[in-house]
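Chain by chain, the residues:
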Amino acid sequence: MDVIVQLQAQFVEYTTSLYREGFLDDQFTQLQKLQDESNPDFVVEVVRLFFEDSEKLLNNLATALQQQCVDYKQVDAHVHQFKGSSSSIGAQRVKNVCVAFRNYCEEKNLEGCLRCLQQAKHEYYLMKSKLETLFRLEQEILAAGGSVPMMT
């Protein structure tokens, strides 16, 4: 039983740090509230789709910004989509980079866009790693016979 209590405490501390450090916002909490016994993997499935879409969007952005004549409307459309999907899962830091990115698109500032692409990739991969760790902790709690604490 001590192992479960220890894992649950670790889970709460880790989750709290994700909010405190700005990786997650309240939208992630809302997403968790939609998960129930009938769909126990809801959050993991939604986040997995976010990961798949994000990888494609980041590749599309890199390709679009490497063109001889950059189509800033197309770049902005990709960034807008990335911002929306990031926002929908509560990936606050990724979403914030997208806001700055869109401003550079509006200004047709290639250097600024390239900088934001690197920053967006960095924040995305950091967020992906953090969420994978969170989901691994959840699995360890469940495998030990415990229940995952609900964050409010």
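Residues numbered from 1 in each chain as written. Predicted model: local features only at pLDDT ≥ 70, side-chain atom pairs only at ≥ 80, totals over all residues. Heavy atoms only, no water.

- Per an unreviewed UniProt entry, the protein goes by the name Histidine-containing phosphotransfer protein and belongs to Nyssa sinensis.

## Regarding the overall build of the protein
And then number 1: Each helix and strand in the protein was counted, giving six helices and zero strands.
And then number 2: Helices and strands in the protein line up, N terminus first, as α-α-α-α-α-α.
And then number 3: Structurally, the protein occupies a C-alpha span of about 60 × 30 × 20 Å along its principal axes.
And then number 4: Once local pairs closer than 6 in sequence are excluded, the contacts in the protein between residues at least 24 apart make up 68%.
And then number 5: For the protein, the exposed surface amounts to about 8700 Å²; the carbon and sulfur share of it is 49%.
And then number 6: Here the protein holds 15 positive side-chain charges and 21 negative ones, and the gap between their average locations is 7 Å. (Helix = DSSP H or I, 4+ residues; strand = E, 2+ residues; numbered from the N terminus. Contact = heavy atoms within 4.5 Å. Areas by Shrake-Rupley, 256 points an atom, 1.4 Å probe, with all protein chains shown as cover. Lys, Arg positive; Asp, Glu negative; His and termini not counted. Charge placed at Lys NZ, Arg CZ, Asp CG, Glu CD.)

## Some thoughts on the layout of surface pockets
And then number 1: Each pocket or cavity is described by its volume, and for the largest pocket that value is around 370 Å³.
And then number 2: Around the largest pocket, the lining is made up of 16 residues, and of these Q35, P40, E138, V148 and M150 lie nearest the centre.
And then number 3: Contributing elements (two or more residues each) for the lining of the largest pocket: helix 3 (42–65) and helix 6 (110–143).
And then number 4: Broken down by element, the lining of the largest pocket gets its largest block of residues, three residues, from helix 6. (1 Å grid on protein atoms, 1.4 Å probe; cavity = no way out; pocket = protein on both sides within 12 Å on 5 of 7 lines; lining within 4 Å. Points joined across faces, edges and corners; volume = space filled by probe spheres on them.)

## Describing the UniProt feature "domain: HPt" (unreviewed entry) in the protein
And then number 1: Per the UniProt entry, the sites bearing "domain: HPt" (unreviewed entry) are residues 39–141 in this numbering.
And then number 2: Strand forms 0% of residues 39–141 and helix 86%; the C-alpha atoms that close the span are 18 Å apart. (UniProt positions renumbered as here; feature names shortened; annotations may be inferred.)

## Regarding the pattern of salt bridges
And then number 1: Counted by the stated rule, this structure contains six salt bridges.
And then number 2: A salt bridge links E55 to K128; the shortest N-O distance between them is 3.4 Å. On the criterion of sequence distance, the pair formed by E55 in helix 3 and K128 in helix 6 is long-range, its members being 73 residues apart.
And then number 3: A residue is classified by how much of its surface remains accessible, and E55, at 26% relative accessible area, is partly exposed.
And then number 4: Here E111 makes a salt bridge to R115, at a shortest N to O gap of 3.4 Å. In this pair, E111 and R115 both sit in helix 6, four residues apart, roughly one turn of the helix.
And then number 5: Here E111 falls in the exposed class, since its relative accessible area comes to 59%.
And then number 6: The class of R115 is partly exposed, set by a relative accessible area of 45%. (Salt bridge = Lys/Arg side-chain N within 4 Å of Asp/Glu carboxyl O. Buried < 20%, exposed > 50% of the residue type's maximum accessible area, 1.4 Å probe, protein only.)

## Topic: the nonpolar core
And then number 1: One finds F28, V75, F82, F101 and L131 to be the most contacted residues of the largest nonpolar core, which totals 42 residues.
And then number 2: Sorting the residues of this core by element identifies helix 1 (2–20), helix 2 (26–33), helix 3, helix 4 (72–89), helix 5 (92–106) and helix 6 as the ones contributing at least two each.
And then number 3: In terms of residues, this core owes the most to one element, helix 6, which gives eleven residues.
And then number 4: Leave out the neighbours within four places in its chain, and F28 touches Y19, V43, V47, I89, G90, L131 and L134. (Core = buried A, V, L, I, M, F, W, Y, C linked by side-chain atoms within 4.5 Å.)

## Focus: the packing of helix 3 against helix 6
And then number 1: In the contact formed by helix 3 and helix 6, the axes pass within 11 Å of each other and the chain directions differ by 160 degrees. With respect to helix 6, the element helix 3 is oriented roughly antiparallel. By crossing handedness, the relation of helix 3 to helix 6 is classed as left-handed. Of the residues in helix 6, those in contact with V43, V44, V47, F50, F51, S54, E55, L58, L61, A62 and L65 of helix 3 are L110, C113, L114, L117, A120, K121, Y124, Y125, K128, L131, E132 and F135.
And then number 2: Counted by class, the contact of helix 3 with helix 6 contains 18 nonpolar, one polar and four charged residues. (Axes fitted to C-alpha atoms, helices over the stretch in contact; angles between N-to-C directions. Parallel < 35°, antiparallel > 145°, perpendicular 65-115°, else oblique. Left-handed = near helix turned anticlockwise from the far one by under 90°. Nonpolar A, V, L, I, M, F, W, Y, C, P; charged D, E, K, R; others polar.)

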